[in-house]
Amino acid sequence: MAQSNLGVAYQSALDNLLRTNIVPDTEKKYNKAKKMTGDPGVFVRAGGGYNEPWTRDASLNSWNAASLLEPVAARNTLWAVCEQNADGTVTIQQDNQWWDKVIWITGAWSHYTVTGDRNFLESAYKVTQDELARMQRQHYNKELGLFQGPAFFSDGIAGYPEPPYDPTNGSGFVLDHHFTDKLMPLSTNCVYYNAYKCAARMAIELGRPAPEVRQYEESAKSLQVAINKNLWMPSKSTYGYFVHGAGPLQGKLDPTQEGIGISFAILFGIASPAQTKSILKNAYRSPHGITTSWPHFTRYDDAHPGRHNGIVWPLVNGMFACAAAKSGRTDIYRDEVENAALLAAASDHRFFEIYNGITGVPDGGWQTGGHWPSQPDQTWSATAYLRMIYSGLFGMTFEPNSLTFSPTLPTQWGSVKLTGLHYRAAVLDISLNGGGRRIARFVYDGKPLIKAVVPAGATGRHEIVITMKS
C-alpha cells in the first residue's frame, strides 16, 4: 500500500511543484524588487487557478519544499512578492491582505537554513526588520499584547462566525465586514511569534549587536505569554480561535477550533508539552482529515460547508500532520498522510485546493450564498504533502550548519527509501527501516554515527541508513 498509495502521491506532488507550477515570468511582472535571477526568472505560482505567487503561498511553498527541491525558483518566488521603494529599499508587497504576510519571514529564514545563501539572508533581514516594525506600529494591540487582523489565509468571510460576519453584507472579502481588522486570531499571532524568533536567528547569524537580538527574542516571549493568556481555554484544554477586538463581543474569546492555529502553536513551540498533548487528544478531525475550523458556523452544515469552515484545505493537514509527528502522535500523523494521499488519488492526483471533509471530493465550499469551485493543481496542497514526507516521515530539520533527522515511521508502512535528494552540494540516498520514532541506528556511508546529522559542508553522493524503533 505504501508505494501504490503514498509513493504515487509523492511523485504526483513533485510533478505539481516542479513541472506544473514552476513557471517563467515572461512579462517580468513579478520582478518589482529587482532581485529575481534568470531571463526570464522562474517562480512558483499559487496553482492551476492562480497564476500569481501571492505572499502567503510563496512563503509556504518555499518553506514546505521548494527551497529544498528548486532553490533558485524558491528564492525568486520569495522576491516576487516584494517590491522596491523609491529609495531603493525592498519591502514585502503592500496590499490589502497585510495581516499574515510576516509568514514571509519564516519562509526566508527557512530558505537560508536549507541553502546557506548568505547574500539572500542579508537582504531578507532588512525586509524582516522593516516589516516587523511596520506591523508593530500599525496592528499591535498593546492592551492584550496581540496582533490584530483576520486569521492566517482566511481571506473569505466564510471563515468567521456571526459576528463579525454581517449577513446583510454581500461581500465575501473578510475586511469588508465590520471589526474584522481588530480580531486577534491564534494563527496570525503564532505567525508573528515565529517571525520574531526567525528575526532573532537571522540577527545572530549576521553578527548583529546583542540588544538587537534580544529585542526580537523578548518580543517573541511576550507574544507567547499573551497567546497563552488570552487564547488558551482551560475548560476545553485547547486554544480558541480569536479574541474579538471591537464590536458587541469585544474582549470575548471565540471557542472555535482553528486547524492551522493549533498546528502552528505546536510546531512553533508556543504550546507546552502538556498543552500539546491535550490539543491533539481533543482535536476534531473529519473523515478526511482535520478541517480549517470546527464546528460549522450556524449558517453552514455538512451539506453546505463554509469555504473556510468545516472543510479540508490540505495546506492545514500538512501542518497538522507534522505537528502530530513532532509530538509523538504517530497515529494521527499516519491518518493525515494517508488521507491526503487518498484525496489526491481520488481527484486524478491533481492536489486540489479544497476538499469536502465528509465525501472527500473537491469542494470549494459555500460563501455569501454561493457555492465556490475548488481549483486544481494547487501548489500548497502538493507542497503540504511534501512537507509531510520531508519534515514528518524523515524528520528533516535544517539549521545553518547542518541537516538533522528525527523520523516518524509508522510500522504499517514498512521500509522507505528516498534517493537523489540534493542538499546544498551533496546528494543523499536515504533509507528508513523498522518503525517508530526513536533512532536505533544511524549509518552514514557505512559508518555508524551517534548523531543523525549531515554537515552543511558535505559534498558528493552519500548513503544514509536509519533504523527506527518504537
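Look a little higher up for the structure.
First things first, this report covers the structure right here in the doc.

Conventions used here
Residues numbered from 1 in each chain as written. Predicted model: local features only at pLDDT ≥ 70, side-chain atom pairs only at ≥ 80, totals over all residues. Heavy atoms only, no water. Helix = DSSP H or I, 4+ residues; strand = E, 2+ residues; numbered from the N terminus. Rg over C-alpha atoms; globule rule 2.2 N^0.38 Å. Buried < 20%, exposed > 50% of the residue type's maximum accessible area, 1.4 Å probe, protein only. Contact = heavy atoms within 4.5 Å. Salt bridge = Lys/Arg side-chain N within 4 Å of Asp/Glu carboxyl O. Phe/Tyr/Trp six-rings, centres within 6.5 Å; stacked < 30°, edge-to-face > 60°. Lys NZ or Arg CZ within 6 Å of the ring centre and 35° of its normal. Pairing = 2+ DSSP bridges. Core = buried A, V, L, I, M, F, W, Y, C linked by side-chain atoms within 4.5 Å. Expected span 1.5 Å × (residues − 1). Bend = angle between axes of the 7 residues up to and from the residue. Axes fitted to C-alpha atoms, helices over the stretch in contact; angles between N-to-C directions. Parallel < 35°, antiparallel > 145°, perpendicular 65-115°, else oblique. Left-handed = near helix turned anticlockwise from the far one by under 90°. Nonpolar A, V, L, I, M, F, W, Y, C, P; charged D, E, K, R; others polar. Lys, Arg positive; Asp, Glu negative; His and termini not counted.

1. Some remarks on the overall build of the protein chain
1) Next: Per the secondary structure count, the protein chain includes 12 helices and 23 strands.
2) Next: For the protein chain, whose C-alpha radius of gyration is 21 Å, the value lies close to the compact-globule estimate of 23 Å for 470 residues.
3) Next: Structurally, the protein chain occupies a C-alpha span of about 65 × 55 × 45 Å along its principal axes.
4) Next: Looking at the 470 residues of the protein chain, the share that counts as buried comes to 60%.

2. With respect to the environment of alanine 65
1) Next: Positionally, alanine 65 belongs in helix H2 (residues 55–69).
2) Next: Placed 51 residues apart in sequence, alanine 65 and leucine 14 show a C-alpha to C-alpha distance of 9.5 Å.
3) Next: Apart from residues lying up to four places away in sequence, alanine 65 is in contact with Leu17, Thr383, Leu386 and Tyr390.

3. A closer look at the pattern of salt bridges
1) Next: Scanning the entire structure with this criterion turns up 16 salt bridges.
2) Next: For glutamate 131, the salt bridge identified is with lysine 101, shortest N-O distance 3.5 Å. Here lysine 101 lies in the loop between strand S4 (90–92) and helix H4 (103–115) and glutamate 131 lies in helix H5 (residues 118–139), a separation of 30 residues in the sequence. Each member of the pair, glutamate 131 together with lysine 101, is buried.

4. Description of the packing of aromatic side chains
1) Next: Under the counting rule described, the total for this entry stands at 31 aromatic pairs.
2) Next: For the pair tryptophan 63 and phenylalanine 268, a centre-to-centre distance of 6.1 Å together with 20° between the ring planes defines the contact as stacked. In this pair, tryptophan 63 is assigned in helix H2 and phenylalanine 268 in the loop between helix H8 (259–267) and helix H9 (273–282), connecting sequence segments 205 residues apart.
3) Next: For phenylalanine 268, a relative accessible area of 11% puts it in the buried group.
4) Next: Ring geometry for phenylalanine 398 and tyrosine 423: centres 5.9 Å apart, planes at 45°, overall tilted. In this pair, phenylalanine 398 is assigned in strand S16 (residues 396–399) and tyrosine 423 in strand S18 (residues 416–423), connecting sequence segments 25 residues apart.
5) Next: Ring pairing ties together the aromatic residues Trp63, Phe152, Phe153, Phe264, Phe268, Trp313 and Trp380, which thus form one cluster.
6) Next: Its end group placed over the ring of tyrosine 165, arginine 299 keeps NZ or CZ at 3.7 Å from the ring centre.

5. Quick word on the pairing of strand S19 (residues 426–434)
1) Next: Summarising burial for S19: 7 of the 9 residues are buried, a large majority.
2) Next: Of the pairings in the sheet, the one linking S18 to S19 comprises 6 bridges and is antiparallel in character. Among the inter-strand pairings, tyrosine 423 is bridged to a residue of S19, identified as alanine 426.
3) Next: What sits between S18 and S19 in their antiparallel hairpin is a turn of 2 residues, with arginine 424 showing a positive phi close to 55°.
4) Next: The pairing of S19 with strand S23 (residues 460–469) spans 9 bridges and is classified as parallel.

6. Quick notes on the nonpolar core
1) Next: Trp104, Tyr239, Tyr385, Tyr390, Met396, Phe405 and Ile430 are the most contacted members of the largest nonpolar core, which totals 135 residues.
2) Next: Top contributing element to this core by residue count: helix H6 (residues 186–205), with 12 residues.
3) Next: Tyrosine 390 has contacts with Tyr10, Leu14, Asn64, Ala65, Leu68, Leu69, Gly395, Met396, Leu418 and Leu421, leaving out every residue within four places of it along the chain.
4) Next: Core analysis: the second largest hydrophobic core is formed by 14 residues, Ile157, Tyr160, Tyr165 and Tyr300 among them.

7. Section: H2
1) Next: In this model, H2 (15 residues) spans 19 Å end to end at C-alpha, consistent with the 21 Å of a helix rising 1.5 Å per residue.
2) Next: Along its length, H2 shows its largest kink, about 65°, at serine 62.
3) Next: Counting buried positions over the 15 residues of H2 gives 14, a clear majority of the element.

8. Notes on the environment of phenylalanine 320
1) Next: As for its position among the elements, phenylalanine 320 is in helix H10 (residues 314–326).
2) Next: With 68 residues separating them along the chain, phenylalanine 320 and methionine 388 place their C-alpha atoms 9.2 Å apart.
3) Next: Phenylalanine 320 has contacts with Ile262, Ser263, Leu280, Ala283, Arg285, Ile290, Ile332 and Glu336, leaving out every residue within four places of it along the chain.

9. Digging into the packing of H10 against helix H11 (residues 330–346)
1) Next: One can describe the packing of H10 onto H11 by two numbers: an axis separation of 7 Å at closest approach and a directional angle of 155°. Judged on the interaxial angle alone, H11 and H10 are roughly antiparallel. Remark: the crossing between H10 and H11 carries left-handed chirality. Here Asn317, Phe320, Ala321, Ala324 and Ala325 of H10 come into contact with H11, specifically with Ile332, Tyr333 and Glu336.
2) Next: Tallied by class, the residues present in the contact of H10 with H11 amount to 6 nonpolar, 1 polar and 1 charged.

10. So, the side chain of glutamate 258
1) Next: If you trace the backbone, glutamate 258 turns up in strand S12 (residues 257–258).
2) Next: In this structure, glutamate 258 is buried with no salt-bridge partner, the nearest side chain bearing the opposite charge being arginine 56 at 11 Å.
3) Next: Those residues in contact with glutamate 258 that sit more than four places away from it in its chain are Ala151, Phe152, Leu186, Ser187, Tyr241 and Thr292.

11. Observations concerning unusual backbone geometry
1) Next: For the bond running from glutamate 162 to proline 163, omega is -15°, close enough to zero to count as cis.
2) Next: Structurally, the position occupied by proline 163 is in the loop between strand S6 (146–147) and strand S7 (184–185).
3) Next: Positive phi is not limited to glycine here, since lysine 28 has a value of about 55°.
4) Next: The class of lysine 28 is exposed, set by a relative accessible area of 52%.

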